[in-house]
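Close look at the chain arrangement
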Amino acid sequence: MSLAKTYSPADVEAKWYQRWQEKGFFQAHVNPKKQPYTVVIPPPNVTGVLHMGHMLNNTIQDVLVRRARMQGKEACWVPGTDHASIATEAKVVAMLKEQGINKKDLTREEFLGHAFAWKEKYGGIILEQLKQLGASCDWSRTRFTMEPKLTEAVLRVFVDLYRKGLIYRGVRMVNWDPQGGTAISDEEVIAKDVQGKMFHLRYELVSEPGHYLTVATSRPETIMADVAVAVNPTDPRYAALVGQQVRIPLVGREVPIITDERVAVDFGTGTLKVTPAHDLVDYEIGLAHNLPVIDVLNDDGTLNEQAGARYAGMDRFAVRRLIAKDLQEAGLLDKIEEYATIAQTSERTGAVIEPKLSLQWFLKMEHLAKPALEVVENDTIKLHPPKFKNMYRVWMENVRDWCISRQLWWGQRIPAYYLPDGSFVVALSAEEALGLAREQSGNNELQASDLRQDEDVLDTWFSSWLWPISVFDGFDDPDNADINYFYPTNDLVTAPEILFFWVARMIMAGLEYRQEVPFRNVYLTGIVRDALGRKMSKQLGNSPDPLDLIRDFGADAVRTGMLFSSPAGNDLLYDQKLIDQGRNFTNKLWNAFRLVKGWEPDATLGFANAQAVAWFEAKLAEAVAALDEHFEKFRMSDALLAVYKLVWDDFCSQYLEMVKPAYQAPIDPETLRRTVDFLETLLKLLHPFMPFITEELWHELAERGPRDYVCVAHWPVLTAPAGAAEALADMAKAQEIVAGVRNIRNQKNIGPTKQVALAVKTDDPALVQAYAPLISKLANLSELTFVQAAPAAAVGFVASGSEFFVPLDGQVDVAAERARLEKELTYALGFRDSVNKKLGNEKFVANAKPDVLERERQKLADAEAKIAALEQGLQGME
RNA sequence: GGGAGAUUAGCUCAGCUGGUUCAGAGCAUCUGCCUUACAAGCAGAGGGUCACUGGUUCGAACCCAGUAUCUCCCA
C-alpha cells in the first residue's frame, strides 16, 4: 500500500463532480413517492464573480440540500442568475466607452445587442465557480431573470397588478441616482454618515437694502431653484419679516418669506430656503403654499441652464465649491460651519442621491404587505435566527409604495403604450395594446405605429420577487406538474440586507399568485468580515479570492472552514486559520482511512473488541441524534462541530486507539467489519459538509456498484442499542482512569513508550476488572494489580470512588503529593458542605422538583465517596 | 432622534423551562512527546467577578429595573 501521508484534494474534486453530474444525481424530477425538498438559489448578478459571501451562503445551501437528498427526499436546488439592471448596464456602458462607443449614439436595440453579447461572453461565470465549491444544483434547471419565459412572467404580473389597480403612474419625489441615470426605490438608498458643510447665506431684504436674512444650507448650489424662504410661525425672531420679500444671493430674484410648521426652529438659523424641485419636505411646503417649481438639475447631476450660464453644465459638487467662492467674493457668505450629517447614497453606484420630482411607476404595497406580515408573525414562515422577526415587522408596518420603473434599457420594458393624446393602455403585447387603445379612444383608425411604448424598464427586484414561482414556470402554466410538486420551496438561505428587497416581496408574490408562502424557513447568514471586523471589499483588498482558497486547500476544507465559526445571523470573522482547521480535518479523516485500509484480517482470530464496538455504537447513536437536532434548528456550525468531535475525538482518538492492533499484527475480521461500518456511517454524516473527500473515501473503502455513491447513500437513522447508557457510563469511567495515568505520565515526564504499572485499591473491582485489557492498552500498562493498601513510593489519583497508584521508585515527592491530595480534599469538602447546606434548607426540599432533589442526593453520595478515598490516601502516606 | 438585539476564557461562540461537579466548546496559549494512520499530529495543563448596580427567589449567566458600552434597522 502506498497511500500518501497527506490528503490531496486537487486530484479528486473535479473527478467526483463530473461523475455526480454524469449520474444525474443532482437532477430532480417530479416523484410522488418521494417528499420534495426544494431550494431556489438567491440569483447572483449575472456579471458577478464568486466572493466570500457567496461561498458561505452556497455552502450552507449545499449542506442542507445534500442532507435532504440523503434523507431520501427529492432534492431540487434551482440555480440561476439575475440581470442586475443598473450594475450590468453600467458595465456595458463602460465597456462600450472603452471601444469609443457612446451609449447616446446607439438605439435601444443596438445597445441591447451589445449587452446580450457581453452577457453571453462573461455572464454566468459565477455558476461555473459554484461547481468548484461542490454545489449540488440541478443545472438542467438553470434560469436567468431576463430570459424570454421569465420576462413574460414579469410582464404578466405587471399587467395583472395594473388591472387590479395596484400599479399606478404618477409624479412623485423619487430617489434619483445621477450616476446610474435612473430612479431607485427607497430600499436601495443607503444613509451614510458624512462630514458636511453648512453655508450661512445672506438674503437681502427688499424693503431694507443692506439688511440681510441669514439662511443656512448644505446645498448652496440649489439657490437658483429657491422659490421662498420659510420660517416657523411660532418663531418670534422672524415674525416681523413674514410676508416680505428677499433677494436670492447672486441670483437677485425676489422670493417671499413664508411660514410653515415643518421648519425646525433650532436647526441652523431657523430659516429654510424652499426648493421644491430638490427636496421632499420643500416639495410638500411648495404644494401647501402654491409655489412654483424650478428644477436646476440635469439627470446626470450637472446643473442645467436654469442655473444660469456660469454654472450650467457643471457637476453639482463642482458648482457647490464654485458658488461658495462666488458668494464669498460678493460678501454674501456669512460663514461656513462643519457639521455631521447624513448623505443618502445609491446602493448600486454609491452616488449621492438627489431627490427629484419625476413621473414614475409605483406598486401599492399595503394590500400585499398585510398578509406577508401575517405569515411571519404566526410562524408559517420562520426566520432563523428569530431576532429578524422584529425588523421584518417594523418594515412591513411602515412600507411605502414601491417605485418600480428604472430609466434604463437593460431589463424588462414596461408594457405601457401611449396614445397620441397622451393617455395610455397596459397590455402584454403591442397587438393587444392596439386593440385596447382603439377601444379606449373610440378611434378604430389607430395603428400600431401610433402607439409608443414606455421607455423605462422595471426594477430587477420586480423579476426576482417572482423567482420561486417563475423558475417552475408558474405564471405561464400555473398548474404544471413541477410547480405543483416543488412549490412551496422549503428553505431559503440569504443575507439579512435583502430581507426587504427580496424575501418580503417573494412572500407577497407567493401569497398573491399561489395563495401559498414561497418557503417555510429563511436562514439568514452573516456578513463575511476580516479578522479586524472590516467588511471584505475590493477597495480594502482584504478579501482572499475564493477560487485560490479552493485550489490551495480543497473545497471541503474551505466549506468546513467557513462553517466552523458562523452561527446563523452572526457575522463571520474570516481568518485563514479556519481554513487551516478545515484542511487539517480532511487530513485527519484521510489518515483514519489509511489506518483502517492497512489492516489485514486473520480469520482465525475471535472478536476481541466487543466493549469498544458497543461503546462507539452507543456514541454514534447519541451523536446522530444531536446532529439531527442541530439541523432541525438550523444550527449549522453546531452540527459541523458535533461531527467534527465525533470523528476526531471519539472515533480517532478513542475508538481507533482501542481497537488498533499492534504494529503489523493482524486484526480479527469482526472488528474490521464493524470498524469499516462505522467509518462508512461517518462518511455519510460528513458528506453534506465535505462532499469530495467523503466520496473519494467511500470508493476507496470498497468496490462499489455503478450507482453506489455516498452522495445518494441513506442518511443514518440510528436507535440507541440495548445497554447503550451503561456502555457509555462504563467507558467514561475507564477513560477517566486512563486519563489519570496519562496525567501522571505528563507530570512525571514519562514518555508514552515507557510502560508503567497500575495498582488499584477498590471495594468494587468489577468494572476495573472488566475493562482491564482496554485500560492497559490505552494507558500502556505493564501490569494492573489490585491492592489492599497504597504501595510505597507511588503517585496516586482518585477516580470513580476508587484509588489508583502508579509506583515510581525514587521519583515521588511525598510532600508535594500530600499537598496535592489535600488540595483536592479541601475542594471536595467544600463542595460536600454546599450540597449539604442546600439539602438542609427546608424551603429547598419543599420547593425543588423531585428529580432535582435526587440529583443533589447523588452529588452528596459521590462527594462522600471521593472524600473517603482521599482521606484514606492521605492516611496511607503517614 | 425612534426601535431592536447584544455584552460569558486571549478570539469566535454555546448555555433550552432558573436547579447535574454549571460556568462549557472550538480555536489560540503553555508543558511534554518524531509512541509505525496522521507534527496538517499525540498526551496533558492553565485560563472567566457570566458588562455594572440593585431587586425577585430556598436557589440567578438565565427573570425584573436601572446604568454603561457595542452592533443593526428606521428617520
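Residues numbered from 1 in each chain as written. Chains lettered and ligands numbered in written order. Predicted model: local features only at pLDDT ≥ 70, side-chain atom pairs only at ≥ 80, totals over all residues. Heavy atoms only, no water.

1. Remarks on the overall build of chain A
In terms of regular secondary structure, chain A is built from 28 helices and 29 strands. For chain A, the C-alpha radius of gyration of 37 Å lies well beyond 29 Å, the compact-globule estimate for 878 residues. Reported as C-alpha extents along the three principal axes, the dimensions of chain A are approximately 115 × 65 × 55 Å. The buried share of chain A, reckoned over its 878 residues, is 52%. Taking all contacts inside chain A whose residues are at least 6 apart in sequence as the whole, residues at least 24 apart take part in 77%. (Helix = DSSP H or I, 4+ residues; strand = E, 2+ residues; numbered from the N terminus. Rg over C-alpha atoms; globule rule 2.2 N^0.38 Å. Buried < 20%, exposed > 50% of the residue type's maximum accessible area, 1.4 Å probe, protein only. Contact = heavy atoms within 4.5 Å.)

2. What about the packing of helix α19 (residues 610-632) against helix α21 (residues 669-686)?
Axes are the key here: two packed helices are described by the angle between their axes and the distance separating the axes. Relative to each other, α19 and α21 sit at 10 degrees, their axes nearing to 11 Å. With respect to α21, the element α19 is oriented roughly parallel. Along the contact surface, α19 presents Val-613, Phe-616, Glu-617, Leu-620, Val-624 and Leu-627, while α21 presents Arg-674, Phe-678, Thr-681, Leu-682 and Leu-685. A per-class count over the contact of α19 with α21 returns eight nonpolar, one polar and two charged. (Axes fitted to C-alpha atoms, helices over the stretch in contact; angles between N-to-C directions. Parallel < 35°, antiparallel > 145°, perpendicular 65-115°, else oblique. Nonpolar A, V, L, I, M, F, W, Y, C, P; charged D, E, K, R; others polar.)

3. Regarding the domain arrangement of chain A
Per the domain assignment, the segments of chain A are domain 1 (187-355), domain 2 (577-721), domain 3 (726-807) and domain 4 (814-875). Distance from the C-alpha centre of domain 1 to the C-alpha centre of domain 2: 72 Å. (Domains from an automatic or database assignment.)

4. Topic: the nonpolar core
Ranked by internal contacts, the top residues of the largest apolar core, which has 194 residues, are Leu-363, Phe-462 and Trp-465. Among the elements that line this core, the one with the most residues is helix α20 (residues 636-659), at 13 residues. When residues of this core are assigned to domains, at least three map to each of domain 2 (577-721) and domain 3 (726-807). If sequence neighbours within four positions are ignored, Trp-465 has contacts with Val-157, Leu-161, Leu-363, Leu-368, Trp-402, Trp-502, Arg-505, Met-506, Met-508 and Ala-509. Counting residues in each nonpolar core, the second largest holds 38 residues, with Val-255, Ile-258, Val-263 and Val-274 among its members. (Core = buried A, V, L, I, M, F, W, Y, C linked by side-chain atoms within 4.5 Å.)

5. A few points about the UniProt feature "binding site: ATP" (unreviewed entry) in chain A
Per the UniProt record, "binding site: ATP" (unreviewed entry) is annotated on Lys-538. Secondary-structure assignment places Lys-538 in the loop between β24 (528-529) and α16 (546-553). (UniProt positions renumbered as here; feature names shortened; annotations may be inferred.)

6. A closer look at the sheet that holds strand β20 (residues 452-453)
Strand order in the open sheet formed by three strands is β19-β18-β20, and the pairing between neighbours is antiparallel. Taken across any chain shown, the strands that pair with only one partner, and hence form the sheet edges, are β19 (424-426) and β20. Relative to β19, strand β18 (residues 416-418) runs antiparallel, the two being bridged by three bridges. Considered in β19, the bridge of Tyr-418 is made with Phe-424. (Pairing = 2+ DSSP bridges.)

7. Points about the packing of aromatic side chains
For the structure on display, the rule yields 40 aromatic pairs. Measuring from ring centre to ring centre gives 5.6 Å for Tyr-7 and Trp-590, while their planes differ by 45 degrees; the resulting arrangement is tilted. A residue pair is termed long-range when its members are at least 10 positions apart, and Tyr-7 in the segment before α1 (13-23) and Trp-590 in helix α18 (residues 576-597) qualify at 583 residues. A relative accessible area of 11% places Tyr-7 in the buried class. For Trp-590, a relative accessible area of 8% gives the class buried. Both rings, one in Tyr-162 and one in Trp-361, keep their centres 6.5 Å apart while their planes meet at 70 degrees; by these two values the pair is edge-to-face. One end of the pair, Tyr-162, is in helix α6 (residues 148-163); the other, Trp-361, is in strand β14 (residues 354-363), with 199 residues separating them in the sequence. By relative accessible area, Tyr-162 is classed as partly exposed at 25%. A network of ring pairs unites the aromatic residues Phe-158, Tyr-162, Trp-361, Trp-402, Tyr-418, Phe-424, Phe-462 and Trp-465 as a single cluster. A cation over an aromatic ring shows up here: Arg-19 above the ring of Trp-16, its NZ or CZ 5.2 Å from the ring centre. Between the NZ or CZ atom of Lys-119 and the centre of the ring of Phe-144, over which it lies, the distance is 4.3 Å. (Phe/Tyr/Trp six-rings, centres within 6.5 Å; stacked < 30°, edge-to-face > 60°. Lys NZ or Arg CZ within 6 Å of the ring centre and 35° of its normal.)

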